[in-house]
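# Examining the three-dimensional arrangement
Spelled out from the first residue to the last, the chains are:
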Amino acid sequence: MGRERSAAEQQIAELLQTARASLRLSVAFLSRLDGTTQHLEVVESSLPLIFRDGITQKQETSFCQAILDGRLPAVIPDVKANPLAMTLPTARIPRIRSYVSAPVVLSDGTLYGTFCAFGFTSDKELAERDRALMGVLASAASVIIEPEVRAQARRTEIEDRLAPLLADGGPVVALQPIVDLATGDRIGAEALSRFPAEWDMAPDVVFEQAHSVGLGHRLELLALERAAEHLDTVDGYIAMNVSPATLLTPECAALLNRLPLPRVLLELSEHDQVADYAALTTALAPLRAEGLRLAIDDVGAGFSSLRHIVVTTPDVIKIDRSIVSGLDTDPVLSTLVHSLVEFGHGCRVQVVAEGVETAEEAAVLRNLGVDYGQGWHYGRPGPPEALAQVPSPAIPAPREGRTAFAAG
């Protein structure tokens, strides 16, 4: 028994049924032409055991190619009356005797394939009106096909673009300093993935695309490996980003268990959906028992962060740059940051402000009680040798008596 048809293929099948019924022919099919092979992707046939989805044949010897080349007419009432048609293999097996074909063309003019019907007996009633009907049905088929064609092209482009990078060990990692706002001393650094400039894509877009083609976990794990390499060359802690879905993989657990966990701050984005909080907290529990600290990133940029914070009881919350930028001149932003600081400290959670770009922003953040800052004011992402030395103690300890929340 063949595979189950997709919803789009079922729609195509209904168009083919219309073609068969209207033209009173035995077989109708949608084919895709790849330059060398004709793929009969959807077939509606009076003989389904013989003519079925998935049959292929040489494109150059097909009726469809001869019609596209102009060597055969689009409507052939009697194949036996056409000497060229009789030289083609399908005139003998399966002894096609009448044929109608129309090209399937996408919106950009690209030829996808053909929409065809044939019979095992000649049919002198086949005429121009039948070609016109097939043309209409072929146009309807192209509308159904195009979204999947575009999606497949996108998948192929992403896979081809990522393949060399994955083979080479993953993205380049740059380190951005995280400083104590009270002293200006660096206490750690965040590892940030960097991709080829010619891609012109933000890292979160690249990771999202990788996940959309099933390569996201692999890319994230390679980024974590690259980030972990810096633990041997820099002091202080290193903040590493991971999605909840990748965190739940056995490969991620194995990787993290190889690291000096007290020097790792694992960041979960506020934007990342958590399908199973119980599984997440279960996966984190043994790692946190060994010293791993947890941060919720991008807090304030959306509505998921409060639940993330309540359920995971993080050690650190990172205030999103969107509410840090310009807070020295915007009382609404400064009030929001003040509220987040009170909330965080009330939960015995350390607070980091991201995207600090000016001395004025840094001063307001310090006055609001924010613990740590990160941004261009303190240093752009760069190589580890550009980082300042971390004074002792290198790693901030969790606040005593951190409030534990009940999930709800």
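Computed from a prediction, not measured in an experiment: that's the story for all the values here.

Parameters and conventions
Residues numbered from 1 in each chain as written. Predicted model: local features only at pLDDT ≥ 70, side-chain atom pairs only at ≥ 80, totals over all residues. Heavy atoms only, no water. Helix = DSSP H or I, 4+ residues; strand = E, 2+ residues; numbered from the N terminus. Buried < 20%, exposed > 50% of the residue type's maximum accessible area, 1.4 Å probe, protein only. Axes fitted to C-alpha atoms, helices over the stretch in contact; angles between N-to-C directions. Left-handed = near helix turned anticlockwise from the far one by under 90°. Contact = heavy atoms within 4.5 Å. Nonpolar A, V, L, I, M, F, W, Y, C, P; charged D, E, K, R; others polar. Pairing = 2+ DSSP bridges. Disulfide = S-S within 2.5 Å. Arc of directions from axis to C-beta. Right-handed = clockwise from strand over helix to strand, strands pointing away.

## Some remarks on unusual backbone geometry
Not every positive phi belongs to a glycine, and arginine 24 is a case in point at roughly 55°. Relative to the assigned elements, arginine 24 resides in the loop between helix H1 (7-23) and strand S1 (27-33). For arginine 24, a relative accessible area of 55% corresponds to the exposed category. Phi angles above zero are rare outside glycine, and aspartate 200 is one such case at about 55°.

## Re the packing of helix H4 (residues 128-167) against helix H5 (residues 203-212)
Two numbers describe how H4 lies on H5: the axes approach to 10 Å, and their chain directions differ by 115°. Crossing handedness for the pair H4 and H5: left-handed. Residues Arg154, Ile158, Arg161 and Leu162 of H4 touch H5, and the partners they reach there are Val206, Gln209, Ala210 and Ser212. When grouped by side-chain class, the residues that make up the contact of H4 with H5 number four nonpolar, two polar and two charged.

## Here's the deal with the pairing of strand S11 (residues 293-299)
S11 sits mainly inside the fold: seven of its seven residues count as buried. Bridge count between strand S10 (residues 264-269) and S11: five bridges; the pairing is parallel. Bridging across to S11, leucine 266 finds its partner in leucine 294. Pairing of S11 with strand S12 (residues 316-319), which is carried by three bridges, proceeds in the parallel orientation. By the bridge assignment for S12, alanine 295 is matched with valine 316.

## Describing the sheet that holds S12
Strand order in the closed barrel formed by eight strands is S7-S8-S9-S10-S11-S12-S13-S14, and the pairing between neighbours is mixed. Put simply, the sheet's adjacent strands are angled 30° from each other on average, direction ignored. The strands touched by helix H6 (residues 216-229) within the sheet are strand S7 (172-180), strand S8 (186-194) and strand S9 (237-241), with S9 carrying the most contacts at an inclination of about 170°.

## Let's talk about the state of the cysteines
Inspection of every chain in the model, using the stated rule, returns zero disulfides. Looking at the unpaired cysteine 116, the closest cysteine sulfur is the one in cysteine 64, lying at 3.1 Å.

## Topic: H5
Where H5 is concerned, the buried positions are Val206, Phe207, Gln209 and Ala210. When H5 is viewed along its axis, its buried side chains cluster within an angular range of 160° and face the same direction. Across H5 from its buried face, at more than 90 degrees, point the exposed residues Asp204 and Glu208. Where H5 is buried, its residues contact H4, S8 and H6.

## A few points about the pairing of S12
Looking along a regular strand, one sees side chains alternate from face to face of the sheet. Burial along S12 is two-sided: Val316 and Lys318 facing one way and Ile317 and Ile319 facing the other are all buried. After leaving S12, the chain enters helix H11 (residues 331-346) and then returns to the sheet as strand S13 (residues 350-353), a path that is right-handed.

## With respect to the sheet that holds strand S4 (residues 75-76)
Strand order in this open sheet of six strands is S3-S2-S1-S6-S5-S4, and the pairing throughout is antiparallel. Where the open sheet ends on each side, the last strands, each with one partner, are strand S3 (56-58) and S4. Here seven bridges tie S1 to strand S2 (residues 37-45), and the two strands are oriented antiparallel to one another. Bridge assignment links leucine 33 to a residue of S2, and that residue is glutamine 38. With respect to the sheet, H1 is in contact with S1, S2, strand S5 (98-105) and strand S6 (111-119), its orientation differing from that of S2 by roughly 70°. Strand contacts of H4: S1, S4, S5 and S6, with the helix running at about 40° to S5, the strand carrying the most contacts.

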